[in-house]
Amino acid sequence: MNTSFFDAHAIRLVQAPMAGSQNHALAAAVFKAGGLGSIPAAMLNAEQLHKELTAFQGAISTAVQSRSAWGTLLPLNVNFFCHTPPEAQPHKEAAWRLKLHPAYQSHGIDPATVGSGPGRAPFSEESLALMGQFKPAVVSFHFGLPKHEWVQQLKACGIQIWSSATTVLEAQWLEQHGADAVIAQGLEAGGHRGMFLTDDLSTQVGTLSLLPQIVKAVTVPVIAAGGISSAAAVKAAQSLGASAVQVGTAFLTSHEATTSALHRQALMSERARHTALTNLFSGRPARGIVNKFMQDFGPLNPDVPDFPLATAAVAPLRTAAEAQGSGDYSPLWSGQNASDCEALPAADIAHKLLQAWSS
């Protein structure tokens, strides 16, 4: 498998795609600092994604020297979900809203006004066309890979295909199905688990246990993700065979992130010491800081509609609570180690982590 991308461009730091907490500005800042920025696409329609990609092009247009090594490729990772949308679940959604009725009542919300529908969309024909137009260096996926012909069409454009693995079996499956690199997502990681061959959470392990096993099991480059927010963690991943590290939580409090004030405060407080995997916000396990919603209804609840149908039920609660200055119903995504979060320019955070790799 061709790994020249890593050799030629020496990518050692990848900014994790973080839907709802970033846009092109963070990705551009990380690129200018010497890393690979990412744009999350799962919550964007085609028009919005086009605007983000165009804005990223504009933001890096002056970085001619850095850009030249990438040839015709856009120096960016665009991340998509590739789940299979579930069938409509009107009865399950209605039953879940009934359970949430006391919360709706306390926030002055009429349950009859609560909408429905998916909160995230998978990779599609429209996505494929956009990637062919912009040609990012990397297109990465969560929850496996899309259909084979789409993977091959992306690769034919010179685009590398990456995807998250949470187990050795998932990493091997990804390599067998065309992935050019595997992101080893440890249990510490914030946001959605990338698990796709099983929904058994007992299979999930920490980064420092998962990483060397995946490195041993596949021949493609392995990118370590989960709990990496310090120089020491970068060195540990490097010593265990990682080709690069992917960092998310440490960038959530950067100047360029769009993270809300409530979320930033939580990340930089003692509350961030307590995170849990929860399905309440989307229908799939994702790691966030424990709040009232998670305490009252979860963190894992079998009555929640399937991913991504769960999003609609909590949306009005989040809006109402945030209007009162509360994050009780907000998805406060965070990895298990937010202790290194600082309000700094993204370049400062990136430089610190990159220096650790080369020291």
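Residues numbered from 1 in each chain as written. Predicted model: local features only at pLDDT ≥ 70, side-chain atom pairs only at ≥ 80, totals over all residues. Heavy atoms only, no water.

Draft legend 1. Inspection of the sheet that holds strand β11 (residues 286–289) at higher detail. Strand order in this open sheet of three strands is β7-β11-β10, and the pairing throughout is antiparallel. Of all strands in the sheet, those with a lone pairing partner are β7 (191–192) and β10 (275–278), marking the two edges. (Pairing = 2+ DSSP bridges. Helix = DSSP H or I, 4+ residues; strand = E, 2+ residues; numbered from the N terminus.)

Draft legend 2. Representation of the pairing of strand β6 (residues 181–185) in the model. Most of β6 sits inside the fold, with five of its five residues counted as buried. Side chains of β6 alternate between two faces, with Ala181, Ile183 and Gln185 and Val182 and Ala184 buried alike. Where strand β5 (residues 160–165) meets β6, four bridges bridge the pair, whose relative direction is parallel. Its bridge partner being in β6, Ser163 is matched across the sheet by Val182. Once you follow β5 into helix α9 (residues 168–176) and on to β6, the crossover reads as right-handed. The pairing of β6 with strand β8 (residues 222–225) spans four bridges and is classified as parallel. Each residue of the ladder has a partner; that of Val182, found in β8, is Val222. (Buried < 20%, exposed > 50% of the residue type's maximum accessible area, 1.4 Å probe, protein only. Right-handed = clockwise from strand over helix to strand, strands pointing away.)

Draft legend 3. Examining the nonpolar core more closely. The biggest cluster of nonpolar side chains holds 90 residues, and the ones touching the most others in it are Met131 and Phe251. Setting aside chain neighbours within four positions, we find Met131 in contact with Leu49, Leu53, Val78, Phe80, Phe123, Pro136, Val139, Leu154 and Ile159. Counting residues in each nonpolar core, the second largest holds 23 residues, with Leu100, Ala276, Phe293 and Ala321 among its members. (Core = buried A, V, L, I, M, F, W, Y, C linked by side-chain atoms within 4.5 Å. Contact = heavy atoms within 4.5 Å.)

Draft legend 4. Spotlight on the packing of aromatic side chains. Overall, the coordinates contain 14 aromatic pairs when judged by the stated rule. Taking the centre distance of 5.4 Å and the plane angle of 75 degrees together, the rings of Phe143 and Phe307 count as edge-to-face. Of this pair, Phe143 sits in the loop between β4 (136–142) and α8 (148–156) while Phe307 is found in the loop between α13 (292–297) and α14 (311–323), placing the two residues 164 residues apart along the sequence. Of the two residues examined, Phe143 and Phe307, each falls in the buried class. Pairing Phe281 with Trp333 gives two aromatic rings, centres 5.7 Å apart and planes at 80 degrees, and the pair type is edge-to-face. Placement of the pair is Phe281 in the loop between β10 and β11 and Trp333 in the loop between α14 and α15 (346–358), with a sequence separation of 52 residues. Residue Phe281 is classed as buried on the basis of its relative accessible area of 5%. On the basis of relative accessibility, which here comes to 14%, the residue Trp333 falls in the buried class. An aromatic cluster of at least three residues, connected via ring pairs, comprises Trp96, Phe281, Phe293, Phe297, Tyr329 and Trp333. Lying across the ring of Phe143, Arg284 places its NZ or CZ 3.7 Å from the centre. Positioned over the ring face of Phe307 is Arg284, at 5.7 Å from the centre of the ring. (Phe/Tyr/Trp six-rings, centres within 6.5 Å; stacked < 30°, edge-to-face > 60°. Lys NZ or Arg CZ within 6 Å of the ring centre and 35° of its normal.)

Draft legend 5. Structural context of helix α7 (residues 125–134). When α7 is considered as a whole, its buried residues turn out to be Ser127, Leu128, Leu130, Met131 and Phe134. Down the axis of α7, the buried side of the element spans an arc of 165 degrees, and every buried residue falls inside it. In α7, the exposed positions that point more than 90 degrees away from the buried face belong to Glu125, Glu126 and Gln133. Buried residues along α7 sit against α3 (46–59), β3 (74–81), β4 and α8. Within two residues after α7, Lys135 carries a phi angle of roughly 50 degrees, on the positive side. (Arc of directions from axis to C-beta.)

Draft legend 6. Region of interest: unusual backbone geometry. At the junction of Gly298 and Pro299, the peptide bond is cis and its omega measures out at 10 degrees in the coordinates. Checked against the element boundaries, Pro299 lands in the loop between α13 and α14. Its identity as a non-glycine residue notwithstanding, Lys135 has a phi of 50 degrees, on the positive side. By the element assignment, Lys135 lies in the loop between α7 and β4. Look at Lys135 and you get partly exposed, because its relative accessible area is 28%. Despite not being glycine, Phe143 has its phi angle at roughly 80 degrees, a positive value.

Draft legend 7. Main features of the sheet that holds strand β1 (residues 13–15). One open sheet holds the eight strands; their spatial order is β1-β9-β8-β6-β5-β4-β3-β2, and the pairing between them is parallel. Edge positions in the open sheet fall to β1 and β2 (38–40), since each of these has one partner strand only. Within this sheet the neighbouring strands show an average axis-to-axis angle of 25 degrees, counted without direction. Pairing of β2 with β3 involves three bridges; the strand directions are parallel. (Axes fitted to C-alpha atoms, helices over the stretch in contact; angles between N-to-C directions.)

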